[in-house]
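Observations on chain architecture
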Amino acid sequence: MKKTVLFSIVTLLMISCVPLLLVSCESETRYARNFVLTNEQKVMVENSNLFSLELFQKACESEAKGKNIFISPLSVSIALSMAANGADTETLDEMMDVLGFGGYDIQDGDEFYQILLQSITKLDNTSKFKIANAIWADDEISLLEDYKNACKKYFAAILETIDFSDVDYCIDHINQWGKQHTDGLIPKIVDESIVTPDVAVMIANAIYFKSKWAKQFDKNDTQDKTFHNFDGTTSTVPMMSLKDNEFKVGYFDDARVLEMDYKGGKYCMDIILPNKNDEFDEFIRKLDGKKLGNYLENGNEEKVYIEIPKFELKYNIGMAELLQDMGMERAFTPIADFSKMSDEQIQ
């Protein structure tokens, strides 16, 4: 009997020429300006952001010092929330607690994501923003109707049966899905190390975001300049620059923050630069929701000179150990309870 529930998190964010981390909306007035949340859903946004921050901190702790980290907590939380719809008892409680929805019913979380997914990608017509969800169940596994209906209704997920014993076909089929929903920029999302005959269910989320800056960089202003690496060394990199433009900037005791809007003004990127490079690990460890909110909400418009290196990031990390460390222990063990996903025992 197949027993493995596999969570596959697929994320690509292509923004102008810089791929960046996308996190769920930080507050109603910043990233969700055109849709309305209830007071409870606003609290859920704040809690979800705390999950995002903790996941980032755990990823930083798990990696070698100086390695680049590139994750999308929004993608992780969407995939896990789909899985949570199939969980019960302590497994469900742990998943809800870690995701920031402890004390809420699973339907409360579902309705929150339904509003988010229906609205966040449609704030303007100048950016290309797509979120796709998929669930593949082995043809020996029968998913319960209530589970399938919830994933379709709240997450707009496609659900398909597939023969995971035909590993080559599954790899090709799932990779084609990933390629389709990232405009061909991720041609390979799984391989034989992930897809095996033991897989019962695979849950995937893909995010694709592409936009132009509201205030464009001129290619002619890009020059090779010195970049200071985390380990104290320097590298010569193509450096984009922009001057004599107003941006929202915040100056704090331990960091500087720059906010840059994308075309249309509905989405933005915040760059947080610690003041002391040699204390970066400590800076990340001490970062909390209140401090992050202070960084993002406070600042003033002023003319600044900006230099940002052109870069491309590819990153892969196993989430199970990080999530277990955050308290989601049962979901990745033989005692996991996914009895609301299928009558067959899967884990």
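The rules behind each value
- Counting of residues starts from 1 at the beginning of each chain's written sequence and follows it residue by residue.
- Residues qualify for local features only when their pLDDT is at least 70, as the model is predicted, and side-chain atom pairs are given and counted only at 80 or more; totals for whole chains, interfaces and linings, by contrast, use all residues.
- Derived side-chain values reflect all non-hydrogen atoms in the structure, with water molecules and hydrogen atoms excluded from consideration.
- Put simply, DSSP H or I for four residues or longer makes a helix, DSSP E for two residues or longer makes a strand, and each gets a number counted from the N terminus.
- Remark: exposure states derive from per-residue accessible area (1.4 Å probe, protein chains only) relative to the maximum for the residue type, with buried under 20%, exposed over 50%, and partly exposed in between.
- Accessible areas in this description were obtained via Shrake-Rupley with a 1.4 Å probe; residue shielding takes into account the shown protein chains only.
- Using a grid of 1 Å spacing that covers the protein atoms alone, one calls a set of points a cavity when a 1.4 Å probe fits there but cannot get out, and a pocket when the set is open and has protein on both sides within 12 Å along at least five of seven lines; lining residues are those with an atom within 4 Å of a point.
- Grid points are joined across faces, edges and corners, and a volume is the space filled by probe spheres set on the points.
- Classification used: nonpolar for Ala, Val, Leu, Ile, Met, Phe, Trp, Tyr, Cys and Pro, charged for Asp, Glu, Lys and Arg, polar for all others including Gly.
- Note on scores: pLDDT gives the predictor's confidence for each residue, bounded by 0 and 100.
- Two strands form a pair only when DSSP identifies at least two bridges running between them.
- Angles shown run from 0 to 180 degrees and are taken between the N-to-C directions of axes, each axis being a line fitted to C-alpha atoms and, for helices, limited to the stretch in contact.
- Orientation labels follow simple angle bins: below 35 degrees gives roughly parallel, above 145 gives roughly antiparallel, 65 to 115 gives roughly perpendicular, and whatever is left gives oblique.
- Handedness of a helix crossing follows the sense of rotation of the near helix relative to the far helix, less than a right angle counterclockwise being left-handed and clockwise being right-handed.
- Here, two residues are considered to be in contact whenever any of their heavy atoms come within 4.5 Å of each other.
- Patch membership needs two things, relative accessible area over 30% and no salt bridge, and members are linked within 9 Å if like-charged or within 5 Å if nonpolar (Val, Leu, Ile, Met, Phe, Trp, Tyr).
- Any Lys or Arg side-chain nitrogen found within 4 Å of a carboxyl oxygen on Asp or Glu counts as a salt bridge.
- The positive count covers Lys and Arg only, the negative count covers Asp and Glu only, and His and the chain ends enter neither.
- To locate a charge, the coordinates of NZ of Lys, CZ of Arg, CG of Asp or CD of Glu are taken.
- In these notes, a set of buried Ala, Val, Leu, Ile, Met, Phe, Trp, Tyr and Cys residues joined through side-chain atoms within 4.5 Å is what counts as a nonpolar core.
- In summary, the pairing rule links any two rings of Phe, Tyr or Trp, Trp by its six-membered ring, whose centres are within 6.5 Å, and it sorts them by plane angle into stacked for under 30 degrees, edge-to-face for over 60 and tilted for everything else.

This part takes up the overall build of the protein. When helices and strands are tallied, the protein shows nine helices and 11 strands. In the protein, which comprises 347 residues, the proportion classed as buried is 48%. If you sum the accessible surface of the protein, you get close to 17400 Å²; carbon and sulfur atoms cover 46% of it.

All right, on to empty space enclosed by the protein then. A complete count under the given rule lists one cavity of 30 Å³ or more for this structure. Lining the largest cavity, in full, are Lys248, Val249, Gly250, Val257, Leu258, Glu259, Asp270, Tyr295, Leu296 and Asn298. Contributions of two or more residues to the lining of the largest cavity are made by β8 (234-251), β9 (255-261) and α8 (289-297). Taken together, the residues of the lining of the largest cavity sort by class into five nonpolar, two polar and three charged.

Another point: the confidence of the model for the protein. The predicted model of the protein averages 86 in pLDDT, with 89% of residues at 70 or higher. Mean pLDDT across the elements of the protein ranges from a minimum in strand β3 (residues 18-19), with 34, to a maximum in helix α5 (residues 145-155), with 98.

Right, let's get into the pairing of strand β10 (residues 268-274). Strand direction decides the pairing type here: β9 and β10, joined by seven bridges, are antiparallel. Each bridged residue has a counterpart across the sheet, and for Val257 the counterpart in β10 is Ile272. Counting the residues in the hairpin turn of β9 and β10 gives six residues, including Gly264, whose phi is positive at 100°.

Right, let's get into the packing of helix α2 (residues 73-84) against helix α4 (residues 106-119). One way to put it is that α2 packs onto α4 with a least axis distance of 11 Å and a crossing angle of 140°. The angle between α2 and α4 places the two elements in the oblique class. In the packing of α2 onto α4, the handedness of the crossing is left-handed. Contact with α2, carried on its side by Leu74, Ser77, Ile78, Ser81 and Ala84, involves Ile106, Tyr113, Leu116 and Leu117 of α4 and no other residues of that element. Taken together, the residues of the contact of α2 with α4 break down into seven nonpolar, two polar and no charged.

Residues Asp139, Glu140, Asp163, Asp166, Asp168, Asp172 and Glu192 make up a contiguous surface patch of negative charge. One can find Asp139 in the loop between β4 (128-138) and α5. By relative accessible area, which is 48% here, Asp139 ends up partly exposed.

With that settled, the discussion passes to the nonpolar core. Most often, soluble globular proteins have nonpolar side chains that are buried together. Membership of the largest hydrophobic core comes to 73 residues, with the highest contact counts inside it found for Leu55, Met95, Val201 and Ile203. A total of eight residues in this core trace back to one element, the largest contributor, which is α2. For Leu55, the residues in contact, after removing those within four places along its chain, are Ile71, Pro73, Val76, Met319, Leu322, Leu323 and Met326. Counting 18 residues, the second-largest nonpolar core is a separate cluster that includes Trp136, Ile162, Ile186 and Val199.

Attention now goes to the packing of aromatic side chains. Counted by the stated rule, this structure contains 13 aromatic pairs. Note on Phe101 and Tyr113: the rings are 5.8 Å apart at their centroids and 75° apart in plane angle, and the pair reads as edge-to-face. Of the two residues, Phe101 sits in the loop between α3 (89-99) and α4 while Tyr113 sits in helix α4, which places them 12 residues apart along the sequence. Residue classification places Phe101 among the buried residues on the basis of a relative accessible area of 1%. An angle of 35° between the planes, with centres 5.9 Å apart, marks the rings of Tyr113 and Phe155 as tilted. Highlighted residues: Tyr113 in helix α4 and Phe155 in helix α5, separated in sequence by 42 residues. Accessibility assignment for this pair places Tyr113 and Phe155 in one class, buried. Among the aromatic residues, ring-to-ring pairing joins Phe129, Phe209, Trp213, Phe217, Tyr262 and Tyr267 into one connected group.

What follows covers the environment of Ile131. Relative to the helices and strands, Ile131 resides in strand β4. In this structure, Ile131 is in contact with Ile78, Leu117, Ile120, Thr121, Asn205, Ala206 and Ile207, ignoring residues within four places of it in sequence.

Moving on to unusual backbone geometry. Even without being glycine, Thr89 reaches a positive phi, approximately 50°. Classification of Thr89 as partly exposed rests on a relative accessible area of 38%.

Running from N to C, α2 and α3 point in directions that differ by 155°, and their axes come no closer than 10 Å. Taken together, α2 and α3 sit at an angle that is classed as roughly antiparallel. Here α2 and α3 pass one another in a crossing that is left-handed. Here Ser77, Leu80, Ser81, Ala83 and Ala84 of α2 come into contact with α3, specifically with Leu92, Met95 and Leu99.

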